[in-house]
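Working through the structure, step by step
One letter stands for each residue in the lines below.
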Amino acid sequence: MNIEYLEEELKEYFQWFHRHPELSYKEYGTTQKIREILTGKNIEILPYKLETGLVAIVRGEKEGPVQALRCDIDALPIEEKTDLDYKSDKDGVMHACGHDMHITIGIGCAILLEANKADLKGSVKIIFQPAEESSIGALKILETDVMDDVERIWGIHADPTNAAGVIAIREGYVTAAVDRFVVTVKGVGCHGAHPDDGIDPIPVSAAIILSLQSIVSRNVNAFHPSLLSVTRVSAGTTWNVIPDKAVMEGTVRTMERDDRILYERRLREIAEMTAKAYGAEVDVEWIAGCPATYNDKDMVNLCEIKAKEMTLATAVEESSLGGDDFAFYEENIPGCYIKIGTGVGHPIHHPEFMVDTGMLYGAVEYMVELFK
Ligand code: NI
């Protein structure tokens, strides 16, 4: 394989994907382009009927396990503000989370693994997954049987807090479980001058909002990272009418499974008991999202050994109470989510986020080492 040629090719692919971003579940052109490139390189694509996204496989010629690499492919509803000559050609849509880089690394791994399959032990499935930003796109892939024979899964993410090519890794929890809640307080509407004729849901909501913060400060183990944010409150239509209901919505982020259960229970108790104390009623909706991502110890060890062998710079991966639906793949098998430095710059989801494309080939080489 002509390495210099592949390096240049990867940059071209990256630029194409960057220029043509597509939102969650709308990644038709992206999927088509990935398919074209892989087909052109004689890489097998598994025959799943996915609306968007696809799964490629490289079958090694030696005995070994089936492993997987997850690459998410969707972009964000952000207006790009860079002056790159390959900036987004779509108004209000941008690859601002580095998923263009994830796609390119996935393609690069497929090409390099295919070229070296005589030495590859086992198989590698490369999952080009739609709709990570929706936080549940992984479930589309998990509806297929693609994971049935997979023994471990790797994930990658762009990391603008580190210099290009730095491998950031840590054992344990790295992203949080993402849950959403909606609390509706039902009171009795009346004239603003005669609150005694009704049950005002607004003070009830205020009391609930303040009490909810006691879950993190009084109920959860102080050594466990977690948070609860009420992010939307709505009630009323005008200044002299007490409304009959108030709605609040928000998110809970936890790392530990037990804390997730604890939050849901306490949230319900606080909302229900507080409403009762005021004579109101309440409806609590808990909408579970993805679980927390956990980096397996043995996989992390392997990452560290390989980085050392290849004399790559490493860093300690920052944990985040943000989420990644990569965690869904890990529910039954070990996984490892690696952050790869894209050059220190604007954070992900920023309109000027950029990837230093000099890191692409090195990242592919590194990931391929992990599969060997
Ligand atoms: Ni992302």
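1. Section: unusual backbone geometry
Positive phi is not limited to glycine here, since Asn42 has a value of about 60°. Even without glycine at this site, Ala131 takes up a positive phi of about 55°. Its place among the elements puts Ala131 in the loop between strand S4 (121-129) and helix H4 (138-142). According to the relative accessible area criterion, Ala131 is buried, its value standing at 0%.

2. Section: empty space enclosed by the protein
Tallied over the full model, the rule gives one cavity of 30 Å³ or more. Volume-wise, the largest cavity comes out at about 40 Å³. Considering the residues around the largest cavity, the lining is formed by Leu113, Asn116, Asp119, Leu120, Val368 and Lys372. Looking at the lining of the largest cavity residue by residue, the class counts come to three nonpolar, one polar and two charged.

3. A few points about the state of the cysteines
Think of a disulfide as a covalent bridge from one cysteine sulfur atom to another cysteine sulfur atom. Per the stated rule, a full pass over the model turns up zero disulfides. Cys71 forms no disulfide, and the closest cysteine sulfur to it belongs to Cys109, at a distance of 6.9 Å. Using a relative accessible area of 0% as the deciding quantity, one classes Cys71 as buried.

4. A few points about the layout of surface pockets
Taken as a whole, the largest pocket holds about 670 Å³ of empty space. What lines the largest pocket is a set of 38 residues, among which Glu132, Arg253, Gly322, Gly323 and Asp324 lie closest to the centre. At the level of secondary structure, the elements contributing two or more residues to the lining of the largest pocket comprise strand S5 (150-159), strand S8 (177-186), strand S12 (245-254), strand S13 (281-288) and strand S16 (335-341). For the lining of the largest pocket, the per-class residue count stands at 13 nonpolar, 15 polar and 10 charged. When its volume is computed, the second largest pocket comes out at roughly 210 Å³. Along its surface, the second largest pocket is lined by 13 residues, and Tyr173, Met255, Arg257, Pro291 and Ala292 are the ones closest to its centre. In terms of residue class, the lining of the second largest pocket is built from seven nonpolar, one polar and five charged.

5. Digging into a nonpolar patch on the surface
Among the surface-exposed residues, Tyr25, Ile136 and Leu139 lie close enough to one another that they form a single nonpolar patch of about 220 Å² accessible area. Take Tyr25: it is sitting in the loop between helix H1 (3-19) and helix H2 (28-40).

Rules used throughout
- Residues numbered from 1 in each chain as written.
- Predicted model: local features only at pLDDT ≥ 70, side-chain atom pairs only at ≥ 80, totals over all residues.
- Heavy atoms only, no water.
- Helix = DSSP H or I, 4+ residues; strand = E, 2+ residues; numbered from the N terminus.
- Buried < 20%, exposed > 50% of the residue type's maximum accessible area, 1.4 Å probe, protein only.
- 1 Å grid on protein atoms, 1.4 Å probe; cavity = no way out; pocket = protein on both sides within 12 Å on 5 of 7 lines; lining within 4 Å.
- Points joined across faces, edges and corners; volume = space filled by probe spheres on them.
- Nonpolar A, V, L, I, M, F, W, Y, C, P; charged D, E, K, R; others polar.
- Disulfide = S-S within 2.5 Å.
- Patch = residues over 30% accessible without salt bridge, like charges linked within 9 Å, V, L, I, M, F, W, Y side chains within 5 Å.
- Areas by Shrake-Rupley, 256 points an atom, 1.4 Å probe, with all protein chains shown as cover.
- Salt bridge = Lys/Arg side-chain N within 4 Å of Asp/Glu carboxyl O.

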